[in-house]
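So you can see what is in the structure, the chains are spelled out below.
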Amino acid sequence: MYKITFKKRLNEQVVQMEILAPLVAKKAQPGQFIILRVNEEGERIPLTIAGYDREKGTVQVIFQIVGKTTLSLSQKEEGEFISDFAGPLGKPSEIEGVQKAIVVGGGLGTAIAYPYAKALHDNGAEVDMIAGFKTKDLVILEDEMKRACTRLHIMTDDGSYGGSGMVTVRLKELLEEDKEKNSYDLVVAIGPLIMMKFCALTTKEYGVKTVVSLNPIMIDGTGMCGGCRVTVGGETKFACVDGPEFDAHQVDFDEAIRRSAFYKEQETKAYEAHKCRLEEMR
Amino acid sequence: MANMSKTKLPIPEQDPLVRNSNFDEVALGYTEEMAVEEAERCLNCKNKPCEAGCPVNVKIPEFITLIKENDFEGAYKKIKETNSLPAVCGRVCPQETQCEALCVRTKNGESVGIGRLERFAADWYMKNVDEKAEKPTPNGHKVAVIGSGPAGLTCAGDLVQLGYDVTIFEAFHKSGGVLVYGIPEFRLPKAIVQAEIDKLLELGVKLETNVLGGKVITVDELFEQGYEAIFLGTGAGLPMFMNIPGENYNGVYSANEFLTRINLMKAYRGDYDTPIGVFKNVAVVGGGNVAMDSARCAKRLGAENVYIVYRRSEVEMPARLEEVHHAKEEGIIFKILCNPVEILADDRGYVDGIRCIEMELGEPDDSGRRRPVPKEGSEFELEVDCVVMAIGTSPNPIMKDNTPGLEVNRRGCIVADESTGQTSLEGVYAGGDAVTGAATVILAMGAGKDAAKAMDEYIRSKK
């Protein structure tokens, strides 16, 4: 059993938690992920590590309530326990040698993108962070992001806060302004698959190396099930052990989008049923 | 007077057409009377050919004699002297190619049902005796076992009996390895595996779940923490695919994923959250036990048509005869001498068929089996909405990648001495599928046993 030592709601749908897991905290590096199970009947879900404190032995995750498992997890309170918490899994981010980067986060993805930005920034890189949200009410981690980068660019789809439009609008502007100098040596995009796909298309025009972090369906996270298969450069890779980060210009996003929807119908049913039960209990 | 019946006393089984829609155990086991009757078929040969066929040298005629004498507890204890998991072995060992293949009774009829008797003794003991295990006297030495499958459990069991302070590290949330994620409930009830593990814990074995050995904790770190010898029983967990077009469509699973969802995560039960697709027609590619398990699981999940697609003929199938027989009884359709060439999907990317080609057998290949050769122009399509690839697994590279100096062969298997399990690193031993590639539970147990002995000798020699 693993104790929840901290919990905070970042917005209506997004929750930040710290879990006491000293072995994981000891080894965790930016870019890696954990797999957790809320209870005995629960499924195993992967979540990217959002932060860690080696001294306290805690690992931070930030998740969005999208299904039954994340809803159950969101109902756990500080001091309560979850059944399982395994990691760190996957390969860490490669940040060495990067001098100037753009880190793009979309929605919940900003929670994963900001530690990446922070790692680059702490490592001496000049970092533009673009954080995209649907609307002002959903903006999360603004102060943390500000501290983790050189320039923060918040975008909202409806223009209610920051710049107006998708993250790719700002991304294109930054790359266009930099066209002559060509000084960015890395773009990192983390968020919904569709956002990562369009970020990759955008940066491809400018020939800037781009990395995305994938979070496909998986069970074990150790290379055993192959459920997380993704085609990268025409080859099948396992996101859990070969990734989760890949060269965005090589990833077959359409396939990844299709595969991620495989259990959608069942998941929606389970989520709705669970919500109904909760409401009855109230 | 010996029972001279030429055939084994049949073991009661659930009706095939009932059991193919439930996950309860297929074989129900002998009653006491039946066990004694079958035991009477053993001639108690002086030279005990059967024992030579057992990778852990169970004292077969001796335990069978005890059954004849109605001393079922004694029979169990006799088996337990050399086999730490009798209830498991009695169910999943390929006895027909091991002990039973060497039984004198096969010269004129069927062998003694050694596996069935082993299972009987183990089940009888579990049901009738509630004996608290006595903790062995600690010898003050710490050892680590990575992986809690059959090799690791056996190794841990033997070492704890010798007084070692044993810690098992398991990557999953539950121990048992392939016994819990791979082999289905209807062939090996999980309560039986758990009971065996509980016995080890009672003896003082410590279990650390959710720890991926090699990555979360390395071999060097274990030595630093005072473990004096380490056993690697990390299995062969990496699934193979065919590398044919369409393998990433929705509805294509590795057998590992398919079985893990069902067995470990209990996707077949409404009270568990892990999903599994609902399929009407399923093709399982492969001819081993894992393929049979996958096909029989698919049937139980409600598929109308389940096909085994295998490129050689039935004679070459690596699966146990009994499993092939059970699968057929349950309505699995065998498409032998067929090989998939492409997986087809609808415009949304969901599997809607598999294109296969007929094969014929040519000259023998490296494995000694006749090589299957495609018959030109014989392609045909099967309408399926799910394909399970059960064509084998290889060792997971995580241990190798994170353990400098650990030698592996070109197939990624850890190089270890055959009789001791000694690897290229001092104090590090290995056994089971991690060394041999995918093989049997009992071979892994044999290797775990040999390694335990070698580890004990190694630690003693250091003193």
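Residues numbered from 1 in each chain as written. Chains lettered and ligands numbered in written order. Predicted model: local features only at pLDDT ≥ 70, side-chain atom pairs only at ≥ 80, totals over all residues. Heavy atoms only, no water.

Peer 1: What am I meant to see in the overall build of chain A here?
Peer 2: From N to C terminus, chain A includes 9 helices and 16 strands. Against the globule reference of 19 Å for 282 residues, chain A gives a C-alpha radius of gyration of 18 Å, in line with a compact fold. Across its three principal axes, chain A shows a C-alpha extent of roughly 60 × 40 × 40 Å. Scored against the burial criterion, the 282 residues of chain A give a buried share of 56%. Summarising the internal contacts of chain A: among those between residues at least 6 apart in sequence, 64% fall at separations of at least 24. Just so you have it, chain A exposes about 12,200 Å², and 49% of that area is on carbon and sulfur atoms. (Helix = DSSP H or I, 4+ residues; strand = E, 2+ residues; numbered from the N terminus. Rg over C-alpha atoms; globule rule 2.2 N^0.38 Å. Buried < 20%, exposed > 50% of the residue type's maximum accessible area, 1.4 Å probe, protein only. Contact = heavy atoms within 4.5 Å. Areas by Shrake-Rupley, 256 points an atom, 1.4 Å probe, with all protein chains shown as cover.)

Peer 1: Teacher, can you tell me more about the pairing of strand 9 (residues 333-336) of chain B here?
Peer 2: If a strand is regular, its side chains alternate between the two faces of the sheet. Pairing of strand 8 (residues 305-310) of chain B with strand 9 of chain B involves 4 bridges; the strand directions are parallel. Note on strand 9 of chain B: the bridge partner recorded for B:Ile308 is B:Phe334. (Pairing = 2+ DSSP bridges.)

Peer 1: How should I be thinking about unusual backbone geometry in this particular structure?
Peer 2: Peptide bonds are trans in most cases, and residues, glycine excluded, mostly fall at negative phi. Between A:Gly87 and A:Pro88 the backbone carries a cis peptide bond, its omega angle lying at -5 degrees. With respect to the secondary-structure elements, A:Pro88 resides in strand 7 (residues 84-89). Phi angles above zero are rare outside glycine, and B:Asn44 is one such case at about 50 degrees. Within the fold, B:Asn44 resides in the loop between helix 2 (32-39) and helix 3 (49-52). On the accessibility criterion, B:Asn44 (38% relative accessible area) is partly exposed. Non-glycine residue B:Leu337 carries a positive phi angle of around 55 degrees. With respect to the secondary-structure elements, B:Leu337 resides in the loop between strand 9 and strand 10 (338-345). On the basis of relative accessible area, B:Leu337 is assigned to the partly exposed category, the value being 22%.

Peer 1: How should I be thinking about helix 8 (residues 150-161) of chain B in this particular structure?
Peer 2: It helps to recall that an α-helix has 3.6 residues per turn; residues three or four apart then point in one direction. Residues and elements named next belong to chain B. In a regular helix each residue adds 1.5 Å, so 12 residues correspond to 16 Å; helix 8 covers 17 Å between its end C-alpha atoms and thus fits that length. Counting buried residues along helix 8, 11 of its 12 residues qualify, which places the element largely inside the surrounding structure. Considered for burial, the residues of helix 8 that qualify are Pro 150, Ala 151, Gly 152, Leu 153, Thr 154, Cys 155, Ala 156, Gly 157, Asp 158, Leu 159 and Val 160. Buried residues along helix 8 sit against strand 1 (142-146), strand 2 (165-169), helix 9 (178-181), helix 10 (190-202), strand 4 (227-232) and helix 17 (441-462). Once helix 8 ends, the next one or two residues include Gly 163, with phi positive near 100 degrees. (Expected span 1.5 Å × (residues − 1).)

Peer 1: Please clarify how the pairing of strand 8 of chain B should be interpreted in this entry.
Peer 2: All names here are of chain B. By the criterion of burial, strand 8 is predominantly enclosed, with 5 of the 6 residues buried. Bridge analysis of strand 7 (residues 281-285) against strand 8 gives 5 bridges, and the strand direction is parallel. Bridging from a neighbouring strand, Ala 283 pairs with Tyr 307 of strand 8. A crossover connection joins strand 8 to the parallel strand 9 through helix 14 (residues 321-329); in handedness this β-α-β unit is right-handed. (Right-handed = clockwise from strand over helix to strand, strands pointing away.)

Peer 1: Explain the domain arrangement of chain B here, please?
Peer 2: The figure often quoted for interface size is the accessible area lost as the parts come together. Residue and element names in this part refer to chain B. Looking at the assigned domains, one finds that chain B contains domain 1 (16-128), domain 2 (142-237 + 394-461) and domain 3 (241-389). Taken together, the contact pairs 14 residues of domain 1 with 12 residues of domain 3. A buried area of about 1,100 Å², summed over both sides, lies between domain 1 and domain 3, and 52% of it is on carbon and sulfur atoms. It is Arg 19, Asn 20 and Phe 23 that lose the most area in domain 1 upon contact with domain 3, and together they represent 54% of the buried surface on that side. Taken together, domain 1 and domain 3 are joined by 3 salt bridges. Taking the shortest distance from any N to any O, the salt bridge between Arg 19 and Glu 329 comes out at 2.6 Å. Counting across the domain 1 and domain 3 interface gives 9 residue pairs in polar contact (both at pLDDT 80 or more). Looking at the side of domain 1 that touches domain 3, the elements that each hand over two or more residues are helix 1 (16-19) and helix 6 (86-92). Here the element with the most residues in the side of domain 1 that touches domain 3 is helix 1; it accounts for 3 residues. Across the side of domain 1 that touches domain 3, the residue classes break down as 7 nonpolar, 4 polar and 3 charged. (Domains from an automatic or database assignment. Buried area = accessible area lost by both parts, 1.4 Å probe. Salt bridge = Lys/Arg side-chain N within 4 Å of Asp/Glu carboxyl O. Polar contact = N/O pair within 3.5 Å; in protein donor to acceptor, adjacent residues only side chain to side chain. Nonpolar A, V, L, I, M, F, W, Y, C, P; charged D, E, K, R; others polar.)

Peer 1: Is there a simple way to think about the sheet that holds strand 10 (residues 151-156) of chain A in this case?
Peer 2: Adjacent strands of a sheet form backbone hydrogen bonds with each other and so pair up, either parallel or antiparallel. All names here are of chain A. The sheet built from 7 strands is open, its strands ordered 11-10-9-8-12-13-16 with mixed pairing. The two strands at the open ends of the sheet, each matched to only one other strand, are strand 11 (163-164) and strand 16 (245-247). Bridge count between strand 13 (residues 210-213) and strand 16: 3 bridges; the pairing is antiparallel. Each bridged residue has a counterpart across the sheet, and for Val 211 the counterpart in strand 16 is Asp 247.

Peer 1: What is the right way to read the pattern of salt bridges from this model?
Peer 2: Oppositely charged side chains are able to pair whenever their charged atoms sit close together. Residue and element names in this part refer to chain B. Per the counting criterion, the structure on display carries 53 salt bridges over all chains. Note that Lys 328 is salt-bridged to Glu 314, the shortest N-O span being 2.7 Å. With Lys 328 in helix 14 and Glu 314 in the loop between strand 8 and helix 14, this residue pair connects regions lying 14 residues apart in the sequence. Classification of Lys 328 by relative accessible area gives partly exposed; the value is 38%. Between Arg 355 and Glu 342 there is a salt bridge; the shortest N-O distance is 2.9 Å. One end of the pair, Arg 355, is in strand 11 (residues 351-364); the other, Glu 342, is in strand 10, with 13 residues separating them in the sequence. Taking the relative accessible area as the measure of exposure, Arg 355 reaches 24% and is therefore partly exposed. Look at the salt bridges and you will find they share partners, linking Glu 13, Arg 19, Arg 187, Asp 293, Arg 296, Arg 300, Glu 323, Glu 329 and Glu 330 into a network.

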